[in-house]
Amino acid sequence: MPQRVKDKVAIVTGAGSIGPGWGNGKAAAVLYAREGARVFAVDCNPAAAEETCGIIHEEGGECLAHEADVTSSEAVKSLVDRCLSEFGRVDILHNNVGIPEVGGPEEIDEDTWDRHFAVNVKSMYLTSRYCLPHMVEQGGGAIVNISSIGSIRYFGYPCVSYGASKGAVNQLTQQIAVQYADRGVRANCVLPGLIHTPLVEHYVRSGYGGDAEEMLQTRREMVPMKRMGDAWDVAHASLFLASDEARYITGAQLVVDGGITCKVT
Ligand SMILES: NC(=O)c1ccc[n+]([C@@H]2O[C@H](COP(=O)([O-])OP(=O)(O)OC[C@H]3O[C@@H](n4cnc5c(N)ncnc54)[C@H](O)[C@@H]3O)[C@@H](O)[C@H]2O)c1
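Residues numbered from 1 in each chain as written. Predicted model: local features only at pLDDT ≥ 70, side-chain atom pairs only at ≥ 80, totals over all residues.

Here we come to the nonpolar core. Within the largest apolar cluster, 67 residues are counted, with the highest numbers of intra-cluster contacts made by A10, V12, A29, Y32, V39, A41 and V42. Non-local contacts of A29, meaning those with residues more than four positions away in its chain, are made with V12, A15, V39, A41, T52 and I56. (Core = buried A, V, L, I, M, F, W, Y, C linked by C-beta atoms within 7 Å. Buried ≥ 20, exposed ≤ 12 C-beta atoms within 10 Å, placed from the backbone. Contact = placed C-beta atoms within 7 Å.)

In structure tokens, the structure reads:
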């Protein structure tokens, strides 16, 4: 089996999944482990982080589960401290945590707006803030931030706080990429398109209110490939950016969307 991130230590935030099956963070954590990394799996739901760790252990990999809400500065500082004390280093910071919400400026209330910016962007600023000094001291590292095509396009329905917060993720990533480029730290984004994950299943089956199968079919039809992606598509793109194969790539926005952002309508 190829070992594309052999001997590296990867922090993955949102390493669990909100439902059965493969979420983006869970697949990324398992894939990093399959490719030789020791994984520090962070989630605010300890059972979800433990489940991912269990899969990694069953496959013979190394993983530690850690409970933390990544919107809290104190919690993020202590998760980085624990990762360093258990594993001795941090080479990959994979920021997966992010929450969607449908609505425009009149529908999204201020609390939702603030929550989106805390969960979707501030969390990534905090993890970067505490990991970067160690990456610099080690002589390098790779940050992979999970953004969305919603950061650069209108989805077809309003998602104002989601899109704006994901746009901020892109710029946060580029700021770090430029500032740390000559110190061996790379920072890149993955922009997933319409991905069929437990998060989407949960939304179409309980939050959306319309016909779930019709909604899933509409999502498939929107994509030039006529299918949604899955969590492994996002995980493989992330693995590439985190690995040394991407050593000359920083500040990139890697779109993983079956061609949807190439379309006019
Ligand atoms: N599914 C899609 O179509 C799609 C499209 C574009 C982008 N994305 C992005 O993918 C990411 C989510 O992917 P997923 O499938 O892993 O989602 P998910 O909802 O399954 O989330 C993974 C984990 O994050 C944890 N989490 C949530 N808030 C947290 C917090 N504050 N602190 C710590 N853990 C927290 C949850 O407990 C969950 O276990 C998001 O950044 C999302 O914007 C998804």
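That covers the picture; the talk isn't over yet.
Next up on the list: the pairing of strand β4 (residues 92-95). Neither face of β4 is open: one carries I92 and H94, the other L93 and N95, and all of them are buried. Sheet topology places strand β1 (residues 9-13) next to β4; four bridges connect them, and they run parallel. When the sheet's bridge partners are listed, T13 is paired in β4 with N95. Examined bridge by bridge, β4 and strand β5 (residues 141-146) share four bridges and lie parallel to one another. Note that in β5 the partner of L93 across the bridge is I143. You can see the chain leave β4, run along helix α4 (residues 110-138) and come back into β5, and the turn it takes is right-handed. (Helix = DSSP H or I, 4+ residues; strand = E, 2+ residues; numbered from the N terminus. Pairing = 2+ DSSP bridges. Right-handed = clockwise from strand over helix to strand, strands pointing away.)

All right, on to the sheet that holds β5 then. One open sheet holds the seven strands; their spatial order is β3-β2-β1-β4-β5-β6-β7, and the pairing between them is parallel. Because the sheet does not close on itself, it has two edges, and the strands there are β3 (62-67) and β7 (253-256). For this sheet, the mean angle separating the axes of adjacent strands, direction not counted, is 15 degrees. The pairing of β1 with strand β2 (residues 38-43) spans five bridges and is parallel. What sits directly across from I11, in β2, is F40. Set on the sheet, helix α1 (residues 24-34) makes contact with β1, β2, β3, β4, β5 and β6 (185-192); between it and β1 the angle comes to about 170 degrees. Most of the contacts of α4 go to β4, to which it runs at about 170 degrees, and overall it touches β1, β4, β5 and β6. (Axes fitted to C-alpha atoms, helices over the stretch in contact; angles between N-to-C directions.)

On to α1. Most of α1 sits inside the fold, with eleven of its eleven residues counted as buried. Of the residues making up α1, those classed as buried are N24, G25, K26, A27, A28, A29, V30, L31, Y32, A33 and R34.

For the pair α4 and helix α5 (residues 160-180), the least separation of the axes is 8 Å and the interaxial angle reads 15 degrees. The pairing of α4 with α5 is recorded here as roughly parallel in orientation. As α4 runs across α5, the sense of the crossing is right-handed. Residues T112, W113, H116, F117, N120, V121, M124, Y125, S128 and L132 of α4 lie in contact with α5, whose contacting residues are S161, Y162, S165, K166, A168, V169, L172, I176 and Y180. Residues belonging to the contact of α4 with α5 are distributed by class as follows: twelve nonpolar, six polar and one charged. (Parallel < 35°, antiparallel > 145°, perpendicular 65-115°, else oblique. Left-handed = near helix turned anticlockwise from the far one by under 90°. Nonpolar A, V, L, I, M, F, W, Y, C, P; charged D, E, K, R; others polar.)

Here V12 is to be found in strand β1. A count of 33 C-beta atoms within 10 Å places V12 in the buried class. For the pair formed by V12 and A49, sequence separation is 37 residues and the distance between their alpha carbons is 9.9 Å. In contact with V12, other than residues within four places in its own chain, are G25, A28, A29, Y32, V39, A41, V42, H94 and N96.

We now examine the site of the ligand. Residues in contact with the ligand amount to 30 residues; listed here are only the nearest, G14, G16, G23, N24 and G98. Of all the secondary-structure elements, those providing two or more residues to the shell around the ligand are α1 and α6 (198-207). Tallied by class, the residues present in the shell around the ligand amount to 15 nonpolar, 13 polar and two charged. (Near = placed C-beta within 6 Å.)

Okay, α4 next. Because each turn of an α-helix spans 3.6 residues, side chains separated by three or four positions in sequence point in the same direction. The end-to-end C-alpha distance of α4 is 41 Å, a good match for the 42 Å that 29 residues give at a rise of 1.5 Å each. At K122, α4 shows its largest kink, close to 40 degrees. Following α4 by one or two positions, G139 has its phi on the positive side, about 100 degrees. (Expected span 1.5 Å × (residues − 1). Bend = angle between axes of the 7 residues up to and from the residue.)

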